[in-house]
Protein chains: 2
Amino acid sequence: MDAVAARAGVNRATVYRRWGDVGGLLADVLDAAGEDDWQPPDTGSLVGDLAALNHEIQAALTAQPPVVTALIAASFRSERADRAQQRLWEDRYARCEIIVSRAVRRGELPSPTDARPLLIASTAPLYHQLLLLRTPPDPHLPEHAARTAALAASAGAFAEPPSVGDT
Amino acid sequence: MDAVAARAGVNRATVYRRWGDVGGLLADVLDAAGEDDWQPPDTGSLVGDLAALNHEIQAALTAQPPVVTALIAASFRSERADRAQQRLWEDRYARCEIIVSRAVRRGELPSPTDARPLLIASTAPLYHQLLLLRTPPDPHLPEHAARTAALAASAGAFAEPPSVGDT
């Protein structure tokens, strides 16, 4: 809050009056991020699109200063930042579903293929390694995670809705 | 720290003298967790082992009170807790590598198969959904993520070391 006040050339109290607390400020930052016109990569192939998306994620999670990592860390401490983080992720995954529908149209994937779990299978290893395990960035991982998810998807891993009632 | 002092029937200052801060206390909790004799499931099949492991992870991440989630959240705030969390994860993934070597021995997977990225592909969607996206627990996810990773692994997704120099 101090840094924001200093950068804006206003009093600390003004920042608190506007946003209440750090969580409120971060929630606004996250909501603003969701209002951009970002579109997922369109490279002409499923693996190309997923790998390019993973490269964007790896770049964001290893950027300095670590803004994205700090926002995610803050979402563990503030309920407002948490909800804003969830809205942003929901928005991003929804926008990425076109990667899967294009691949289905090109005949790369069976129809129907459930987009969300395929996108999560492709992207989750990046977040897991960089954000939770905190291993050093692996330059091969964006491409490898994309290939692994695409391979499973081509084999029909996301083709069927989960059967009802076998829990 | 107050809760720990109350539960132990000692003075707050005693707890601080022993552990310095919350991060130090959590680091000891995490290190103690790594000294158990936990072994990964041994069900007789790769999908069975990975699914059983994922069920354990889902149970841990949705348990009440949310001890595991709180420890992971704390690792974003304390460097000592962070390092202890990394040690615990390294220990757990290392213990789980036997799941992959058993599957190779049974002829379910090509030899060699790189165990770590396969284990991460199988488990990462659980952590991603429950810890980061914070979607409600999906009872199908443990089995589905296991099947997806096993399918990709059988197709050779983890059979080759990443080629050197193509970064």
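Details of the structure are given in the entry above.
Residues numbered from 1 in each chain as written. Chains lettered and ligands numbered in written order. Predicted model: local features only at pLDDT ≥ 70, side-chain atom pairs only at ≥ 80, totals over all residues. Heavy atoms only, no water.

Draft legend 1. Expanded view of the overall build of chain A. Secondary structure assignment for chain A yields eight helices and zero strands. When the helices and strands of chain A are read in sequence order from the N terminus, they spell out α-α-α-α-α-α-α-α. When its C-alpha atoms are laid out on the principal axes, chain A stretches across 60 × 40 × 30 Å. Counting across all 167 residues of chain A, residues that qualify as buried make up 44%. Nonlocal contacts in chain A, meaning residues at least 24 apart in sequence, comprise 66% of its contacts between residues at least 6 apart. Put simply, chain A shows about 8,400 Å² of open surface, and 55% of that area lies on carbon and sulfur atoms. Distance from the positive charge centre (16 side chains) to the negative charge centre (21 side chains) of chain A: 7 Å. (Helix = DSSP H or I, 4+ residues; strand = E, 2+ residues; numbered from the N terminus. Buried < 20%, exposed > 50% of the residue type's maximum accessible area, 1.4 Å probe, protein only. Contact = heavy atoms within 4.5 Å. Areas by Shrake-Rupley, 256 points an atom, 1.4 Å probe, with all protein chains shown as cover. Lys, Arg positive; Asp, Glu negative; His and termini not counted. Charge placed at Lys NZ, Arg CZ, Asp CG, Glu CD.)

Draft legend 2. Highlighting the pattern of salt bridges. Residue and element names in this part refer to chain A. For the structure shown, the criterion picks out 30 salt bridges over all chains. In this structure, arginine 92 engages aspartate 91 in a salt bridge whose closest nitrogen and oxygen atoms are separated by 3.2 Å. We note a salt bridge from glutamate 97 to arginine 116, for which the minimum N-O separation is 3.0 Å. Note that glutamate 97 is positioned in helix H6 (residues 79–105) and arginine 116 in helix H7 (residues 115–133), a separation of 19 residues in sequence. On the basis of relative accessibility, which here comes to 30%, the residue glutamate 97 falls in the partly exposed class. The class of arginine 116 is partly exposed, set by a relative accessible area of 22%. Salt bridges linked by common partners bring Asp36, Asp91, Arg92 and Arg95 together as one network. (Salt bridge = Lys/Arg side-chain N within 4 Å of Asp/Glu carboxyl O.)

Draft legend 3. The arrangement of the environment of Trp38(A) in detail. Residue and element names in this part refer to chain A. You can see tryptophan 38 is positioned in the loop between helix H3 (22–33) and helix H4 (46–62). Of the residues examined, tryptophan 38 reaches a relative accessible area of 19% and is grouped as buried. Once the C-alpha coordinates of tryptophan 38 and arginine 95 are considered, the two residues, 57 residues apart in sequence, prove to be 8.5 Å apart. The residues contacting tryptophan 38, other than those within four sequence positions of it, are Leu53, Glu56, Arg92, Arg95 and Cys96.

Draft legend 4. Structural detail: the packing of helix H4 (residues 46–62) of chain B against helix H8 (residues 141–154) of chain B. Residue and element names in this part refer to chain B. At a minimum axis distance of 8 Å, the contact between H4 and H8 shows a crossing angle of 140°. By the angle class used here, H4 and H8 are oblique. Where H4 crosses over H8, the handedness of that crossing is right-handed. In this structure, H4 uses Leu46, Val47, Leu50, Ala51, Asn54, His55 and Gln58 to contact H8, whose residues at the interface are Pro142, Glu143, Ala145, Ala146, Arg147 and Ala150. (Axes fitted to C-alpha atoms, helices over the stretch in contact; angles between N-to-C directions. Parallel < 35°, antiparallel > 145°, perpendicular 65-115°, else oblique. Left-handed = near helix turned anticlockwise from the far one by under 90°.)

Draft legend 5. Representation of the interface of chain A and chain B in the model. Between chain A and chain B, the contact holds 33 residues from the first and 33 residues from the second. Between chain A and chain B the total buried area reaches about 3,100 Å² when both faces are included, carbon and sulfur atoms providing 75% of it. Sorting the residues of chain A by area buried against chain B places Phe76(A), Leu132(A) and Arg134(A) first, and these three jointly supply 22% of that buried surface. In this structure, the connection of chain A to chain B is made through two salt bridges. Its salt-bridge partner being Asp82(A), residue Arg134(B) comes within 2.3 Å of it at the nearest N-O pair. At the boundary of chain A and chain B, one finds eight residue pairs in polar contact (both at pLDDT 80 or more). Secondary-structure elements contributing two or more residues to the side of chain A that touches chain B are helix H5 (67–74), H6, H7 and helix H8 (141–154) of chain A. (Buried area = accessible area lost by both parts, 1.4 Å probe. Polar contact = N/O pair within 3.5 Å; in protein donor to acceptor, adjacent residues only side chain to side chain.)

Draft legend 6. Representation of the relation of the copies chain A and chain B within the structure. Turning chain A through 180° and shifting it by 0.0 Å along the axis lays it on chain B, with an RMSD of 0.0 Å. Such a combination of turn and shift is consistent with a two-fold rotation axis. (Least-squares fit on C-alpha atoms with pLDDT ≥ 70 in both.)

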